[in-house]
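# Notes for the structure review
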Amino acid sequence: MTRIRAHAVVALAAVGAVALSGCVAKTETASADALTVTSTDTSCEVSAATAASGTLTFAVSNESSQVSEFYLLAEDGLRIIGEVENIAPGAERTLTVVAQPGAYKTLCKPGMVGEGIGRADFTVTGDTVAATGDDAEQKEKAVALYAAFVKDQVEQLVPAVETFVTAYESGKDDEARAQFPKVRAYYERIEPVAESLGDLDPRIDYREVDAVAEGLDWTGFHRIEKDLWVPAKDALNADGETPAWQDWAPSTTAERAAFGDQLIADVAELNDYVHSDAFQQALDAQGVAGISNGAIALLDEVATGKITGEEDWWSGTDLSDFAANVDGSKMAFSLVQDFAAATGSDGEALTTEIAGRYDDLETALATYGSLEDGFVAYGTLTDDDKRALTDLLNALAEPLSQLTATVLQ
């Protein structure tokens, strides 16, 4: 993280692929006959792999030994279209969504942690379903989808951090270095949530120069990062002034254990929070304005840290953080863009421009790699490369800054 922060909650889920539940013309809905889903400890069986567009109902039976969840995801496997959680062993729950034609994914998550199991393709055919209904109800659904996304990302972060820490504490530095940018992606997509929780984000994600400036103990991802990418004796910290070895030395085995265990505990605290009533109440209080402001906040994260190369100073993995922040920002935008477009021709023009600017930025990022396969080290970018990315960020930031006011019209 960078010290200058925008403390807004970000929303990360898709609207384009789904009409919000309860907001669809009855004459255009599909049959309400339920699809059945059976969740076990090792599988997630859905009774059909295709359905007609409109209202879909998934009747989920949990035959696993753990509390489980079921998800309908967009084609990218990241955006949540609908989910049902806290299904006790032996219990049944129902998920109802209004699905547009397109490709989706289904999966179950026994234990409500990790990436889930039984991920499978699911196809919706037929005509586009026109959304109607109460605006307030649609906005409540948007907030609920955001909450579901955040919980899913943190649920995946928990085991990823445990695996990463195990490698770090065991001295398997090559393994830990390979995992570092991928683990951080879960956090970077939902980063403003942790930022709203007092000292939790500083414990998880402060850079050394920020911790020192504020008189805090330096822990978390970046403390571990420096152990994994030990700087040269004459290197400088991210401030460009402080010697890298000033008041610092590579951690002992015992110190590694302490730093690793602290990161696990802090991420567990974050997981507890996003599954609490307090989290949902905070989201409800902000409404869709919190979602659109979150899109802006995550783009600010890129502009104030990642594009400068200051975030992952020792590992050079800033482009991974960059991409994850853009992921989160774009998904927040996608959740509220229909509300903005519905305000009239100016709103339609604004959302069209924003969508195109995201595409331009993602296309440029893709020339340097991907979150799945890795990005080139940030230090390999030329000044022209950085300037081009900055120009694309600025081109997106200007119309995006108008999003909240448009959504609230």
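In what follows, the structure referred to is the one given above.
Residues numbered from 1 in each chain as written. Predicted model: local features only at pLDDT ≥ 70, side-chain atom pairs only at ≥ 80, totals over all residues. Heavy atoms only, no water.

### Remarks on the packing of aromatic side chains
- Counting across every chain of the model gives twelve aromatic pairs.
- Here the aromatic rings of F58 and F70 are separated by 5.3 Å at their centres, their planes lie at 45°, and the arrangement is tilted. Taken as a pair, F58 in strand β5 (residues 54-62) and F70 in strand β6 (residues 68-74) lie far apart in primary sequence, twelve residues in all. Of the two residues, F58 and F70, both sit in the buried class.
- Taking NZ or CZ as reference, K139 lies 5.7 Å from the ring centre of F339, over its face.
- Here the basic side chain of R184 rests over the ring of F221, its NZ or CZ set 5.2 Å away from the ring centre. (Phe/Tyr/Trp six-rings, centres within 6.5 Å; stacked < 30°, edge-to-face > 60°. Helix = DSSP H or I, 4+ residues; strand = E, 2+ residues; numbered from the N terminus. Buried < 20%, exposed > 50% of the residue type's maximum accessible area, 1.4 Å probe, protein only. Lys NZ or Arg CZ within 6 Å of the ring centre and 35° of its normal.)

### Details of the pattern of salt bridges
- By the definition in use, this model includes 27 salt bridges.
- Residue K226 pairs with E208 through a salt bridge whose shortest N-O separation is 2.8 Å. Of this pair, K226 sits in helix α6 (residues 221-228) while E208 sits in helix α5 (residues 208-213), placing them 18 residues apart in sequence. Across the pair, exposure class does not vary: K226 and E208 are buried alike.
- One salt-bridge network, in which partners are shared between bridges, spans R184, E188, E191, D205, E301, K306, E311, D312 and D321. (Salt bridge = Lys/Arg side-chain N within 4 Å of Asp/Glu carboxyl O.)

### What to know about the sheet that holds strand β9 (residues 102-108)
- As summarised here, the arrangement of the five strands in space is β4-β10-β9-β6-β7, forming an open sheet in which the pairing is mixed. Looking at strand neighbours, the two that pair on one side only are β4 (50-52) and β7 (80-87), the edges of this open sheet. Between one strand and the next, the sheet's axes are offset by a mean angle of 20°, whatever the strand orientation.
- Note: β4 against strand β10 (residues 117-125), three bridges, orientation parallel. If you follow A51 over to β10, its bridge partner there is V124.
- Contacting β6 and β7, helix α1 (residues 135-169) runs over the sheet at an angle of about 70° to β7. (Pairing = 2+ DSSP bridges. Axes fitted to C-alpha atoms, helices over the stretch in contact; angles between N-to-C directions. Contact = heavy atoms within 4.5 Å.)

### A closer look at the state of the cysteines
- Tallied over the entire structure, the rule returns one disulfide.
- Disulfide pairing places C44 opposite C108 at an S-S distance of 2.0 Å. Of note, the bridge from C44 to C108 carries an S-S torsion of about 60° and is right-handed in sense. With C44 in strand β3 (residues 44-46) and C108 in strand β9, this pair connects stretches of sequence that are 64 residues apart. (Disulfide = S-S within 2.5 Å.)

Geometric values such as these leave the question of function open.
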